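A look at the structure
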Amino acid sequence: MALPVVAIVGRPNVGKSTVFNRIARQRISIVEDTPGVTRDRIYAHGSWLNHDFSMIDTGGIDFTDQPFIDQIRTQAEIAIEEADVIVFMVSAREGVTDIDERVAQILYRAKKDVVLAVNKTDNPEQRQDIYDFYTLGFGDPIPVSGAQGTGLGDLLDAIVAKFPLEKDDEADDTIKFSLIGRPNVGKSSLVNAILGEHRVIVSEIEGTTRDAIDTRFTDDDGQEFTMIDTAGIRKRGKVWESTEKYAVMRAQSAIDRSDVVLFVIDGEEGLREQDKKVAGYAHEAGRAIIIVVNKWDLVKKDTYSMQKFTDKLRAELQYLDYAPIVFVSALTKQRLNVLPDMIKTVSVNQQRRIQSSVLNDVLLRAVAITPTPTVKGKRLRVYYLTQVAIKPPTFVAFVNDPELFHFSYQRFLINQLRASFDFSGTPIHLIPRQRK
């Protein structure tokens, strides 16, 4: 399920970015006591009481003729459209202003859940000044101080209480997969070719697909799929249009909803630096991944072209060494018929469970092949392995001291697991834990 989206909106200089940084627990948005410093939408991850969510900081909504005001207001309106919950930020120091009331009118029309936060209530006297804000019509105002960090727990309680209920997908056998990649690598053409019909607009203009589009279909074996086409992800420094940044967020949401990700590369152009960052979104999310090299029909080939391309990908995408590679053409439909079976295979692999007794047989053989390392005269001891989760397969290694469990030995054990079981297409997480 996609993470809930929380947008923080309000007029300029009410402290939106300060509260945003507090909730994100890092300094992301620029904070200055000057209206209009935040011009664009800024994204971050938030978490409260086991609830994860995406968060958007917006520029101050104003109605004057100041530079960039129209663009800032457009950015805020897009954030409002995307949000599940809106935090309407006002300031206790100035009280209810005309601009606050005009922003409230925008939020009424949006028909979204709104939490009213009164910032800059830094002392008890200021917290008594919140009652005038009832006139805005959004229920109980919540006093907070972004500068001091007070009241944020109450604010977050009110936010998560308005999150949409999560659906129980356990009984759903549908495999959900998305297509990600830079703009214009042929994702929409692949969607159309796989479906055998024209479901998504295809254009040579980069960035045509602005939204994530879900399409359900069934293969010849009766397996149901939900295919999620996503907008191309651009390099951050080149994302200027509001709709482009909106598309980036939707693509990340699509990855969150996916079981399997098809990472699409333009075979004619080859691998670019931005491709690595695009794939990183899916890898960090722990999704099963298939690398799809599209437009292979346009590549001038010799006997070794495919092997050379594969070697280059493996060298430059070492963190995706588990991902199978398939060379296809959306135009000629070359090898597209293998994709459904590959998706089913990696989906099975990411849900594979291994009994602890079998795992520990693998561990004994691994330690016999390569004994555990000694660090500063102290030897690492791995007592046993157990699997604790799937999607991705996650294992806990109980050890005498987690600090001795060096990354290189973790990598060795993961490779031993891959050699013993079919985990192709899925990342593996290995967590060291001290045995009590």
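Preceding this paragraph is the structure being described.
The shown structure was predicted, so the numbers you read here are calculated from the model rather than taken from an experiment.

1. What about the sheet that holds strand β17 (residues 429–434)?
- Taken in spatial order, the three strands of this open sheet run β15-β16-β17, and their pairing is mixed. Single-partner strands in this sheet number two, and they are β15 (382–389) and β17. For this sheet, the mean angle separating the axes of adjacent strands, direction not counted, is 25 degrees.
- Examined bridge by bridge, β15 and strand β16 (residues 394–399) share six bridges and lie antiparallel to one another.

2. As for the environment of Asp341
- By the element assignment, Asp341 lies in helix α10 (residues 339–350).
- Residue classification places Asp341 among the partly exposed residues on the basis of a relative accessible area of 45%.
- Counting along the chain gives 120 residues from Asp341 to Asp221, while the straight-line C-alpha distance between them is 9.8 Å.

3. Looking at the pairing of strand β11 (residues 288–294)
- Along β11, seven of the seven residues are buried, which leaves the element largely enclosed by surrounding structure.
- Direction of pairing for strand β10 (residues 260–266) relative to β11: parallel, over a ladder of seven bridges. Bridge pairing in β11 links Ile265 to Val293.
- In this fold, β10 hands off to helix α8 (residues 273–284), which returns the chain to β11; that crossover is right-handed.
- Sheet analysis places β11 next to strand β12 (residues 325–327), joined by three bridges and oriented parallel. Within the sheet, the bridge partner assigned to Val292 lies in β12 and is Val326.

4. Describing the environment of Arg216
- Within the secondary structure, Arg216 is located in strand β8 (residues 213–218).
- Separated by 11 residues in sequence, Arg216 and Met227 place their C-alpha atoms 6.2 Å apart.
- Those residues in contact with Arg216 that lie beyond four places of it in its chain are Thr174, Glu224, Phe225 and Thr226.
- Here the side chain of Arg216 touches Thr174 through a polar contact of 3.1 Å, side chain to side chain.
- At 2.7 Å, the side chain of Arg216 and the side chain of Glu224 are in polar contact.

5. Comments concerning empty space enclosed by the protein
- This model, assessed by the stated rule, comprises one cavity of 30 Å³ or more.
- One number sums up the size of the largest cavity: a volume of about 30 Å³.
- Every residue along the wall of the largest cavity is listed here: Phe177, Ile194, Phe217, Leu336, Leu339, Pro340 and Ile343.
- Broken down by element, the residue count for the lining of the largest cavity peaks at three residues, all from α10.
- Of the residues in the lining of the largest cavity, the class split is seven nonpolar, no polar and no charged.

6. Some words on the pattern of salt bridges
- Counting across every chain of the model gives 16 salt bridges.
- Note that Lys308 is salt-bridged to Asp302, the shortest N-O span being 3.9 Å.
- Given a relative accessible area of 51%, Lys308 falls into the exposed group.
- Overall, the relative accessible area of 45% leaves Asp302 in the partly exposed class.
- Among the charged side chains, a network of salt bridges with common partners joins Asp219, Asp221, Asp341 and Lys344.

7. Considering the side chain of Gln387
- Among the secondary structure elements, Gln387 is positioned in strand β15.
- Taking relative accessible area as the criterion, Gln387 reaches 12% and is therefore assigned buried.
- At 3.1 Å, the side chain of Gln387 forms a polar contact with the backbone oxygen of Ala389.

8. Quick notes on the side chain of Ser347
- One can find Ser347 in helix α10.
- The residues contacting Ser347, other than those within four sequence positions of it, are Ile175 and Val260.

9. A few points about the packing of helix α11 (residues 356–369) against helix α12 (residues 407–420)
- Interhelical geometry of α11 versus α12 gives an angle of 125 degrees and a closest axis separation of 10 Å. Considering the angle they form, α11 stands oblique to α12. In this structure, α11 crosses over α12, and the sense of that crossing is right-handed. Touching Leu359, Val362, Leu363, Arg365, Ala366, Val367 and Ile369 of α11 are Tyr409, Phe412, Leu413, Gln416, Leu417 and Ser420, all from α12.

10. Observations regarding unusual backbone geometry
- The amide bond that connects Lys391 to the next residue, Pro392, takes the cis arrangement and shows omega of 5 degrees.
- Here Pro392 lies in the loop between β15 and β16.
- The backbone of Lys391 sits at a positive phi, close to 50 degrees, despite the residue not being glycine.

11. Quick look at the packing of aromatic side chains
- Tallied over the full model, the rule gives 15 aromatic pairs.
- A ring pair is formed by Phe88 and Phe138, whose centres lie 5.8 Å apart and whose planes are at 85 degrees; its orientation type is edge-to-face. With a gap of 50 residues between them, Phe88 in strand β4 (residues 85–91) and Phe138 in the loop between α4 (124–127) and β6 (142–143) connect regions that are remote in the sequence. By the burial criterion, Phe88 is buried, and Phe138 matches it.
- With a centroid separation of 5.8 Å and 85 degrees between ring planes, the pair formed by Phe309 and Phe327 is classed as edge-to-face. With Phe309 in helix α9 (residues 305–316) and Phe327 in strand β12, the pair connects residues that are 18 residues apart, well separated along the chain.

12. Notes on helix α3 (residues 98–110)
- With 13 residues, α3 should cover 18 Å at 1.5 Å per step; its first-to-last C-alpha distance of 19 Å lies within 8% of that length.
- Here α3 has its buried residues at Asp100, Val103, Ala104, Ile106 and Leu107. Buried residues along α3 cover an arc of 160 degrees about the axis, so they all sit on one side. Pointing more than 90 degrees away from the buried face of α3 are the exposed residues Asp98 and Arg109.

About the cut-offs
- Residues numbered from 1 in each chain as written.
- Predicted model: local features only at pLDDT ≥ 70, side-chain atom pairs only at ≥ 80, totals over all residues.
- Heavy atoms only, no water.
- Pairing = 2+ DSSP bridges.
- Helix = DSSP H or I, 4+ residues; strand = E, 2+ residues; numbered from the N terminus.
- Axes fitted to C-alpha atoms, helices over the stretch in contact; angles between N-to-C directions.
- Buried < 20%, exposed > 50% of the residue type's maximum accessible area, 1.4 Å probe, protein only.
- Right-handed = clockwise from strand over helix to strand, strands pointing away.
- Contact = heavy atoms within 4.5 Å.
- Polar contact = N/O pair within 3.5 Å; in protein donor to acceptor, adjacent residues only side chain to side chain.
- 1 Å grid on protein atoms, 1.4 Å probe; cavity = no way out; pocket = protein on both sides within 12 Å on 5 of 7 lines; lining within 4 Å.
- Points joined across faces, edges and corners; volume = space filled by probe spheres on them.
- Nonpolar A, V, L, I, M, F, W, Y, C, P; charged D, E, K, R; others polar.
- Salt bridge = Lys/Arg side-chain N within 4 Å of Asp/Glu carboxyl O.
- Parallel < 35°, antiparallel > 145°, perpendicular 65-115°, else oblique.
- Left-handed = near helix turned anticlockwise from the far one by under 90°.
- Phe/Tyr/Trp six-rings, centres within 6.5 Å; stacked < 30°, edge-to-face > 60°.
- Expected span 1.5 Å × (residues − 1).
- Arc of directions from axis to C-beta.

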